[in-house]
Amino acid sequence: MMKSGSNLEKILRAGHFAFTGELGPPRGAHAEEVRKKAAHLKGRVDAVNITDNQTAVVRMASWAASLILIQEGIEPNYQMVCRDRNRLAMQADILGAAALGIRNMLCLSGDHCLFGDHPTAKGVFDLDSIQLIRMVKQLRDEGKFQSGADVDGRPAIFIGAASNPFADPFEWRVQRLAKKVEAGVDFIQTQCIYNMAKFREFIRLANEEGLTEKVFILAGITPMKSLGMAKYMKTKVPGMDVPDEIISRLQGVPRDKQAEEGIRIALEQIAELKEMKGVHGVHLMAIEWEHRVPEIAERAGMLPRPVVG
Amino acid sequence: MRLSYPANVKIVLVPCTGKVDVMHLLKAIQMGADGVYCVGCLEGACHYNQGNLRCRERVERVREILQEVGLEPDRVRMYNLSSGEAPTFVAYAREMTELIRRLGPNPLKNSQPAIRVEEAA
Amino acid sequence: MIVAKRKPFDEILRMIESHRKVLVAGCGTCVAVCLAGGEKEVAVLAAEIDMARRLKHEPIELGQTTLERQCDREYLAQLDGRAEAYEAIVSLACGVGIQFLAERFPKIPVYPGVDTCGLAVNQDVGWYEERCRSCGRCVLDRTAGICPVTLCAKGLYNGPCGGTNRGSCEIDPEQPCAWYAIHERLKGQGRLDCIRAITPAQEWRDTVPRTLIQPGYRKPEKAKA
């Protein structure tokens, strides 16, 4: 049964292999910057994630950048983190977003303030991501606020969440996914995958638990732009699992061919993911590389994107 | 071996430098002493394992405090030697005396603290 | 116990710069154990203030005292009739004691000499680690005796988040991930079921000033003015 009527939901429910992109709003008030980045993504992906103060750095509000995308004829996937707002602000923003046509939402805990540009800010975390999922579902399906009071006008939101198959303890990752499913999530976008062996195992366990029949899973892919980026991801980004073989493949080509090698690795991953039982799509996080998305989409055989009425 | 050390050095005996407290050192300076230094056993050779190391930490703390209140941290120092090293003892006494001479008299000498201890009734 | 950290000396000196007679009041309980505000720390602070002010040629008269506790009226009463002789008081008690002292002597400015840093365990002499945020809704029964409110940097009730890093928190490799530890301990006890169900949104109880009256006790009537 259709819950939000979003393009992403329609694509997934029709059984197509979904393809989503990502866009980080600017550190300023220029709508043009959003439009410029968005132009590369238009028609190449089914929906575009709009990050919410990503890595705890202040940026244009994700709902605002989401609206700019709607103006551009692109479907946003509005991200919301628990770090920056309490349950009142969250519910208010969700109602406002839904009223203005936002149909997908991704519920996240959010990086700690210590990482960002305001390290001494107070993290709110009134709810965690699982409690947020449940709250959105309750607004949508029961028409009740978190407090239990009635909502007049339910927000039609396709509810997403993240999953990191690579964070410890590995055996709990599928359990935590199960908790998100129980909370009411409709789709999952995973952390960037580099360790395919571990991801296969994660999906196998999720299949075994029957989770992949209850939730759509979009596998996260971020092409490596350089060897330096790969090394940084391997050593500096918590919860990221970059195997040595990725590093050595990038090391094995000249510096000016590293980006191409990074794209090739991503394409190989996408080809495998398309065939993987329990995977329903790919979420391409081309970080500050939006202009390469058309090429990657083309070479991955993702174009043209299906249109579901 | 009869070695003489500067007469301005007054020795306070403690069973171990681990017994020396921040307040002992601070009080000496507060009351007008020009300098205080602790002479402990060699590091790693404390009969009580950590006595001289604790003393060093306390000396460091007092040096920070002197900096904060506006006095030269070098008025308080820590030296280490073994008990058989009388010439080293004398050398440290001379070095400290020289150092303090260069720093000049403790400016707190000319006034007295006005601190009253309010005993709990 | 409650732990506290001495405020930087400059900050204390600035608070009392206009005063010429100040009482330094310590507390003999928690802050004495954590080496921030007991008798010894009172003596050190008084000596520091004395020296700094004499060196600035702005000498100050000081009193020093350490009460058994500043969070109990009967001990504060020991200063009745004596505190009034001072222009100001610097209290080295925790935030609770400082306020109770200020309440007892409302005409005298009372300044904090320490920053109160939480409810902590004594790992070793001089080394304390926070363990409780006194949220008023203890969940330790389900979290293997490890507090997610205090020890998870995001205070998550359904962790661990995606930032857990080989058992460490994303904020610092030196900081253990509380939820990793909760999982490991519950697994060892065969009690992983404790965290399989969703913990619902917290009903926060620490958002208003709390008053606690134990069963069998009543709030005494206001003393007649």
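Note that the coordinates shown come from a computational prediction; the quantities given were computed from them, not determined experimentally.

Draft legend 1. Representation of the overall build of chain A within the structure. The helix and strand tally for chain A stands at eleven helices and eight strands. Taking 309 residues into account, the globule formula puts the C-alpha radius of gyration at 19 Å, and chain A, at 19 Å, falls close to it. Taking the principal axes of its C-alpha atoms as reference, chain A extends roughly 60 × 45 × 45 Å. Taking all 309 residues of chain A together, 58% fall into the buried category. Sequence separation of at least 24 residues holds for 78% of the intrachain contacts in chain A that already meet a minimum separation of 6. Counting only carbon and sulfur atoms, one obtains 52% of the accessible surface of chain A, whose full area is about 12400 Å².

Draft legend 2. Structural detail: the interface of chain C and chain A. Facing the 30 residues of chain C at the interface are 30 residues of chain A. Summing both partners gives a buried area of about 2600 Å² for chain C against chain A, and 53% of it is carried by carbon and sulfur. For chain C, the biggest contributors to the area lost against chain A are Lys154, Asn158 and Ile198 of chain C; these three give 23% of the whole. Lys187 of chain C is paired through a salt bridge with Glu171 of chain A; the nearest N and O atoms lie 2.7 Å apart. Inspection of the region where chain C meets chain A yields 20 residue pairs in polar contact (both at pLDDT 80 or more). By residue class, the composition of the side of chain C that touches chain A is 14 nonpolar, ten polar and six charged.

Draft legend 3. Looking closely at the pairing of strand S5 (residues 158-163) of chain A. Residue and element names in this part refer to chain A. Here S5 lies mainly inside the structure; five of its six residues are buried. Summarising the sheet, strand S4 (residues 104-108) and S5 pair through four bridges and their orientation is parallel. Bridging across to S5, Leu106 finds its partner in Gly160. With respect to chirality, the unit in which S4 leads through helix H5 (residues 129-142) into the neighbouring parallel S5 is right-handed. Taken together, the four bridges between S5 and strand S6 (residues 187-192) define a ladder with parallel strand orientation. Each residue of the ladder has a partner; that of Ser163, found in S6, is Thr190. The handedness of the S5 to S6 crossover, carried by helix H6 (residues 170-183), is right-handed.

Draft legend 4. Representation of the domain arrangement of chain C. Splitting chain C by domain gives domain 1 (2-118) and domain 2 (136-195). Once you take the C-alpha centre of each, domain 1 of chain C and domain 2 of chain C turn out to be 38 Å apart.

Draft legend 5. Layout of the sheet that holds strand S3 (residues 61-67) of chain C. In spatial order, the strands read S3(B)-S3(C)-S2(C)-S4(C)-S5(C); together these five strands make up an open sheet with parallel pairing. Two strands lie at the open edges of the sheet, namely strand S3 (114-117) of chain B together with strand S5 (110-112) of chain C, each paired on one side alone. Within the sheet, the average angular offset between the axes of one strand and its neighbour, ignoring direction, is 25 degrees. Alignment of strand S2 (residues 21-27) of chain C against S3 of chain C, held across seven bridges, turns out to be parallel. Paired with Val24 of chain C across the bridge in S3 of chain C is Gln64 of chain C. Across the sheet, helix H5 (residues 95-104) of chain C touches S2, strand S4 (88-91) and S5 of chain C, and the angle it forms with S5 of chain C is around 170 degrees.

Draft legend 6. Molecular detail of the pattern of salt bridges. All names here are of chain A. Counted under the stated rule, the structure contains 53 salt bridges over all chains. Salt-bridge contacts for Asp46 lead to Arg305; the nearest nitrogen and oxygen are separated by 2.8 Å. Taken as a pair, Asp46 in the loop between helix H2 (31-41) and strand S2 (47-50) and Arg305 in the segment after helix H11 (293-299) lie far apart in primary sequence, 259 residues in all. One exposure class covers both Asp46 and Arg305, and it is buried. Glu295 is paired through a salt bridge with Arg292; the nearest N and O atoms lie 3.1 Å apart. You can call Glu295 partly exposed: its relative accessible area is 27%. Salt bridges linked by common partners bring Arg249, Glu260, Glu261, Arg264, Glu268, Arg292, Glu295 and Arg299 together as one network.

Rules behind the numbers
Residues numbered from 1 in each chain as written. Chains lettered and ligands numbered in written order. Predicted model: local features only at pLDDT ≥ 70, side-chain atom pairs only at ≥ 80, totals over all residues. Heavy atoms only, no water. Helix = DSSP H or I, 4+ residues; strand = E, 2+ residues; numbered from the N terminus. Rg over C-alpha atoms; globule rule 2.2 N^0.38 Å. Buried < 20%, exposed > 50% of the residue type's maximum accessible area, 1.4 Å probe, protein only. Contact = heavy atoms within 4.5 Å. Areas by Shrake-Rupley, 256 points an atom, 1.4 Å probe, with all protein chains shown as cover. Buried area = accessible area lost by both parts, 1.4 Å probe. Salt bridge = Lys/Arg side-chain N within 4 Å of Asp/Glu carboxyl O. Polar contact = N/O pair within 3.5 Å; in protein donor to acceptor, adjacent residues only side chain to side chain. Nonpolar A, V, L, I, M, F, W, Y, C, P; charged D, E, K, R; others polar. Pairing = 2+ DSSP bridges. Right-handed = clockwise from strand over helix to strand, strands pointing away. Domains from an automatic or database assignment. Axes fitted to C-alpha atoms, helices over the stretch in contact; angles between N-to-C directions.

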